[in-house]
Structures are given as structure tokens and as C-alpha cells.
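Summary of structural features
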Amino acid sequence: MKLLRLRLLVGITAATTALSWAGAKLWASLDTLPAVPGAAPVVLAAVAVILLATAISLRSRLKAARERQPGAKRVDPIGAARAVVLGQASALVAAVVTGIYAGAGIYLLGELDVPARKDQAVTAGFAVLAGAAVIAAALWLQHVCKLPEDHDDPSGPAATHR
């Protein structure tokens, strides 16, 4: 399984932010700019908490198994792989959603004199923070589940550097 890189997620977020800002500007010129949903930061924060709890649980179970503690629960490799896939999918979606709310929020910063727009800008800002939390938790989950490199394998990549 290929690791998801922060650089890719930042690029997706930046591109989506630019497109979202342009879309918000176009929509506003037609007087039909949709509202930023109030539940967006809550849902993103809930996903971040779930990913974080999964990472903490897997980390403690992997540590207990590595230290051969009595009664340690074994980590199912398929379950760990599923957790990584969930984290990677969540990070990719969060990168897009974060970009959408960042672009809308940037546009709304120009209209802070309107109370409704100010509230939407604050909500968009919280959604961006919660989206960043999802990305961080997903990358940490991926790191927790990463297999250690095998330095004892004579045919591995380390053998070519000797």
C-alpha cells in the first residue's frame, strides 16, 4: 500500500481553495451564494476524533504486542490495513472539503460587514480547522500502522547501498 503524502494533500487543498474561491465569487455575482452548513465543522471534528481514537487504540495494541506483554491483543493485519485505507480516504476527502470551505471563507472575508456573511465566514473557518484535524489524524493513523522496515533482509534496498 502506498503512503499518502502531506504534499499531495496540501496541493489538493490549494487547488480546491482556488476553484472554490472563484466559484463563490461567480455565485455571489448571481446573488445565489449558498450558505456554509453549520454542521460541517461538527462532522469533520467527529471524523477526526474517530480517526484519532483508532490510531491511539492501534498504537497501544501494537506496542503491547511488540513488548510481548501477557494478554496483549493481537492486531489483525487486515483490520490495520482497513484502518489505513479509511484514514487515507478520509484525508483525501477532507483535503477537498477543506479547500471548498477555505475558498468560500476567503471570499466571505470580503463581506464581513454583513452579519450573516460574518457568521458563515466563522463557520467556514472552523470547518477548515476541523478538516486540517482530519488530515492530521489520518496521517498519524497511517504512520502508526506503517510496518517497520526490515533491515535484516540481505536482498532488500539496504543491500544495494553497502
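The rules we used
- Residues numbered from 1 in each chain as written.
- Predicted model: local features only at pLDDT ≥ 70, side-chain atom pairs only at ≥ 80, totals over all residues.
- Heavy atoms only, no water.
- Helix = DSSP H or I, 4+ residues; strand = E, 2+ residues; numbered from the N terminus.
- Rg over C-alpha atoms; globule rule 2.2 N^0.38 Å.
- Buried < 20%, exposed > 50% of the residue type's maximum accessible area, 1.4 Å probe, protein only.
- Lys, Arg positive; Asp, Glu negative; His and termini not counted.
- Charge placed at Lys NZ, Arg CZ, Asp CG, Glu CD.
- Contact = heavy atoms within 4.5 Å.
- pLDDT = per-residue confidence, 0-100.
- Axes fitted to C-alpha atoms, helices over the stretch in contact; angles between N-to-C directions.
- Parallel < 35°, antiparallel > 145°, perpendicular 65-115°, else oblique.
- Left-handed = near helix turned anticlockwise from the far one by under 90°.
- Nonpolar A, V, L, I, M, F, W, Y, C, P; charged D, E, K, R; others polar.
- Salt bridge = Lys/Arg side-chain N within 4 Å of Asp/Glu carboxyl O.

The next subject is the overall build of the protein. Broken down by element type, the protein carries 4 helices and 0 strands. The order of α-helices and β-strands along the protein, N terminus first, is α-α-α-α. Expected size for 162 residues packed as a compact globule is a radius of gyration near 15 Å; at 21 Å, the protein overshoots this value by more than 25%. When the 162 residues of the protein are sorted by exposure, 34% land in the buried category. Charged side chains of the protein number 16 positive and 10 negative; the gap between the two group centres comes to 6 Å.

The subject of this paragraph is the environment of Ala-104. Along the chain, Ala-104 falls in helix α3 (residues 77-109). Sequence-wise, Ala-104 and Gly-87 are 17 residues apart; in three dimensions their C-alpha atoms are separated by 25 Å. Setting aside anything within four residues of it in sequence, one finds Ala-104 in contact with Ser-20 and Ala-24.

This paragraph deals with the confidence of the model for the protein. Detail in the predicted coordinates should be disregarded across regions flagged by low pLDDT. Put simply, the protein has an average pLDDT of 87, and 91% of its residues get 70 or more. For residues 150-154, every residue scores under 50 in pLDDT, and the model assigns this stretch 2 contacts once sequence neighbours within four places are set aside.

Turning next to the packing of helix α2 (residues 40-66) against α3. Think of two packed helices as two axes; the pair is described by the angle between the axes and how far apart they sit. One way to put it is that α2 packs onto α3 with a least axis distance of 11 Å and a crossing angle of 155°. If you check the angle between α2 and α3, you find them roughly antiparallel. Relative to α3, α2 is oriented so that their crossing is left-handed. Packed against α2, whose contacting residues are Ala-40, Leu-44, Val-47, Leu-51, Thr-54 and Leu-58, the element α3 presents Ala-83, Leu-86, Gly-87, Ser-90, Val-97 and Tyr-101 at the interface. Residue composition of the contact of α2 with α3, grouped by class: 9 nonpolar, 3 polar and no charged.

Here the focus is the pattern of salt bridges. Tallying each qualifying case throughout the model produces 1 salt bridge. A salt bridge links Glu-111 to Arg-117; the nearest nitrogen and oxygen atoms lie 3.0 Å apart.

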